[in-house]
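Here's the letter readout for the chains.
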Amino acid sequence: MSSQDVLKNASTLASYNVLLQVMFRVLTFFLNAFTLRFVSKELIGVVNVRLTLLYSTLVFLSREAFRRACLSGVSGKNHSWRQVINLLWLTLPLGALWAALLICVWLWLLEVPDPQTIPYYGPAVLLFALSGVQELLAEPLWVLAQAHMFVRLKVVAESLAMIAKCSITVVMVMFAREWGLYIFSAAHLVYTGFLVLCYAVYFIRFLGSKEAEEKGFPLHSVKDLLPRRAKGEPLVDWSLAQLTWSFFKQSFLKQILTEGERYVMTFLNVLSFGDQGVYDIVNNLGSMVARFIFLPIEESFYIFFAKVLERGRDVKSQKQEDVAIAAEVLECLLKLVLVVGLIISVFGYAYSHLALDLYGGSLLSSGAGPTLLRFYSSYVLLLAVNGVTECFVFAAMSQREVDKYNLVMLALSLSFLFLSYMLTWWAGSVGFILANCLNMGLRILHSVLYIHRYFLSSQWKPLHGLLPSPLLLLALALSAVVTALSEGVFCCDSGWLLKLVHISVGAACLLGVLVAVLLTETRLIQFIRTQLLPKYRKKHT
């Protein structure tokens, strides 16, 4: 497969992933707004912080390293899918071990919520852990689908699973509210069950079909999906296993950085369950754009960079055509996330109070919620840039460099936990966001230095994507001033008419910013039209 074909497939995957994440976040957005009217913020805190942390820790530590290593390993020409499948099935026993360990911690080492206020905590812990192990059953199928760019499969599977989860949650919240945590545990178990079922049904129908033969799919029957030894080769590819171990050490540290504030909340009890609920709602609201735009781009283009670049080799020893495409894509991606991040940071300041008031009423807008969302809007910019820079760095690093970076991640993890505790003690919930900003800034600095060294001896300078045009900066600065003045005059306690005026002012400023982007960022616009918009790409390829 040529570099252009890989880019086209990665772009398609990113486009569908973005659409999928938009649907997810919209459904979750309305689901949270709905449940806020029926359940307490303490219950939301336990579900969205304590139990979701259990699930995400189990799943991430069980599969993330395998995903990165196997997707990177199969990008080369010399690999055995038999050995890759065998390696991927190790996620299941590893997940069972993590589940047993985490259940013990969650039940016996952490503070147990008051059963009168939040009933059925123990069964909920067991069910969330079971849902994580259940999802790992689909891991070999997920990697096969990602490696062969089965983009519609992921969209359909996760869409059906999310619809089922939301439907069960809404029905049970309305008619069986007294079941408490059982509601969210059952809904999550159904979600992971639907994922596994969709992937299983698809591959059972696909394997052995004419379509599979035409595509040259490496597996031919359902038996090939199960672990077994092939004649004349080891059970697993040990070089791939070593790379997995390197990524595992890194994923452990990355999980602490990603979910650090939840670990501090859970293990150090710096916030009450009610405050945790408010923080999590604001956190989810603030990260909506980051999750449904930046994360799919990071996941999809990591696959692109891993397939196009040869891991551990410098620029001069690789195909120059591949390096040129990788550099151009990296520059355009950096410019894209920078522009989106700057827009969110500027407009997030003036519209945080209004957004929370519309979403959750005085429960969210009367306390520290607006301040939290304003700080989070600035954090989104760092989150966006870090996602793209790290997806390139992780695809280009050699195994030795990955091991070396693990030490950097260890230092960042320890400093993050310390900063989270100290800044939360000093500034309350905002301290979590400040600690995240500092650590994200250090991670960006490390990645930028790596990219600079990587392309230093070449003619390509992809880091120029981090330099916005002067006209765009001027438009953003004027928008920041105008929208801040508009908030002070029109928002947010003077009725709907003035709120609409404030919204109109923001829309006009946003239009001006977009015009500046169209006039000055022509390469970025061309990249979006030809690579990230499916309809346009189909018309011009």
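Given the structure is predicted, the values throughout are model-derived calculations rather than measurements. (Residues numbered from 1 in each chain as written. Predicted model: local features only at pLDDT ≥ 70, side-chain atom pairs only at ≥ 80, totals over all residues. Heavy atoms only, no water.)

1. Some words on the side chain of Asn-48
Link 1 in the chain: Structurally, Asn-48 can be placed in helix H2 (residues 41-73).
Link 2 in the chain: One polar contact links Asn-48 to Asp-280, side chain to side chain, over a distance of 3.0 Å. (Helix = DSSP H or I, 4+ residues; strand = E, 2+ residues; numbered from the N terminus. Polar contact = N/O pair within 3.5 Å; in protein donor to acceptor, adjacent residues only side chain to side chain.)

2. A few points about the packing of helix H3 (residues 81-88) against helix H6 (residues 139-147)
Link 1 in the chain: Closest axis-to-axis distance for the H3/H6 pair is 9 Å, and the angle between their directions is 135°. Looking at the two axes, H3 sits oblique to H6. The residues of H6 that touch H3, namely those facing Trp-81, Ile-85 and Leu-88, are Pro-140, Val-143, Leu-144 and Ala-147.
Link 2 in the chain: Looking at side-chain class alone, the contact of H3 with H6 contains seven nonpolar, no polar and no charged residues. (Axes fitted to C-alpha atoms, helices over the stretch in contact; angles between N-to-C directions. Parallel < 35°, antiparallel > 145°, perpendicular 65-115°, else oblique. Contact = heavy atoms within 4.5 Å. Nonpolar A, V, L, I, M, F, W, Y, C, P; charged D, E, K, R; others polar.)

3. Quick notes on the packing of aromatic side chains
Link 1 in the chain: For the structure on display, the rule yields 23 aromatic pairs.
Link 2 in the chain: Centre to centre, the rings of Phe-304 and Phe-305 are 5.2 Å apart; their planes meet at 55°, and the pair counts as tilted.
Link 3 in the chain: Residue classification places Phe-304 among the buried positions, given a relative accessible area of 0%.
Link 4 in the chain: In this structure Phe-305 comes out as buried when scored by relative accessible area, which is 0%.
Link 5 in the chain: Through a chain of ring-to-ring contacts, three or more aromatic side chains come together here, namely Phe-301, Phe-304, Phe-305, Phe-392, Tyr-450, Tyr-454 and Phe-455. (Phe/Tyr/Trp six-rings, centres within 6.5 Å; stacked < 30°, edge-to-face > 60°. Buried < 20%, exposed > 50% of the residue type's maximum accessible area, 1.4 Å probe, protein only.)

4. Details of a nonpolar patch on the surface
Link 1 in the chain: Taken together, the side chains of Phe-267, Leu-268, Phe-418, Tyr-421, Met-422, Trp-425 and Trp-426 present a nonpolar region at the surface, about 870 Å² in accessible area.
Link 2 in the chain: Contributing elements (two or more residues each) for the nonpolar patch: helix H11 (260-268) and helix H17 (399-427).
Link 3 in the chain: Per-element tally for the nonpolar patch: the top contributor is H17, with five residues. (Patch = residues over 30% accessible without salt bridge, like charges linked within 9 Å, V, L, I, M, F, W, Y side chains within 5 Å. Areas by Shrake-Rupley, 256 points an atom, 1.4 Å probe, with all protein chains shown as cover. Salt bridge = Lys/Arg side-chain N within 4 Å of Asp/Glu carboxyl O.)

5. Quick look at empty space enclosed by the protein
Link 1 in the chain: This structure, assessed with the given rule, holds two cavities of 30 Å³ or more.
Link 2 in the chain: A volume near 30 Å³ is recorded for the second largest cavity.
Link 3 in the chain: Lining the second largest cavity, in full, are Leu-257, Phe-416, Asn-436, Asn-439, Met-440 and Arg-443.
Link 4 in the chain: Top element by residues in the lining of the second largest cavity is helix H18 (residues 430-454). It accounts for four residues.
Link 5 in the chain: Among the residues forming the lining of the second largest cavity, the class breakdown is three nonpolar, two polar and one charged. (1 Å grid on protein atoms, 1.4 Å probe; cavity = no way out; pocket = protein on both sides within 12 Å on 5 of 7 lines; lining within 4 Å. Points joined across faces, edges and corners; volume = space filled by probe spheres on them.)

6. What to know about the pattern of salt bridges
Link 1 in the chain: Across all of its chains, the model carries twelve salt bridges by this definition.
Link 2 in the chain: Between Arg-67 and Glu-139 there is a salt bridge, with its nearest N and O atoms 2.6 Å apart. Remark: Glu-139 occurs in helix H6 and Arg-67 occurs in helix H2; sequence separation between them is 72 residues. Comparing Arg-67 with Glu-139, the two get one shared label, buried.
Link 3 in the chain: For the salt bridge of Lys-499 with Asp-357, the shortest nitrogen-to-oxygen distance reads 3.0 Å. You can see Lys-499 sitting in helix H20 (residues 496-520) and its partner Asp-357 sitting in helix H14 (residues 320-360), a full 142 residues away along the chain.
Link 4 in the chain: On the basis of relative accessibility, which here comes to 21%, the residue Asp-357 falls in the partly exposed class.
Link 5 in the chain: Here the salt bridges do not stand alone but share partners, grouping Arg-63, Arg-67, Glu-135 and Glu-139 into one network.

7. Some thoughts on helix H16 (residues 369-396)
Link 1 in the chain: The terminal C-alpha atoms of H16 lie 40 Å apart, and with 28 residues this matches the ideal 40 Å at 1.5 Å per residue to within 8%.
Link 2 in the chain: Along H16, 22 of the 28 residues are buried, which leaves the element largely enclosed by surrounding structure. (Expected span 1.5 Å × (residues − 1).)

8. Re the confidence of the model for the protein
Link 1 in the chain: Per-residue pLDDT for the protein averages 83, and the proportion of residues at 70 or more is 91%.
Link 2 in the chain: Across the protein, the element-wise mean pLDDT spans from 43 in helix H22 (residues 534-539) up to 96 in helix H5 (residues 121-135).
Link 3 in the chain: Across residues 534-541, confidence stays below pLDDT 50; counting only partners more than four residues off in sequence or on other chains, it has 13 contacts. (pLDDT = per-residue confidence, 0-100.)

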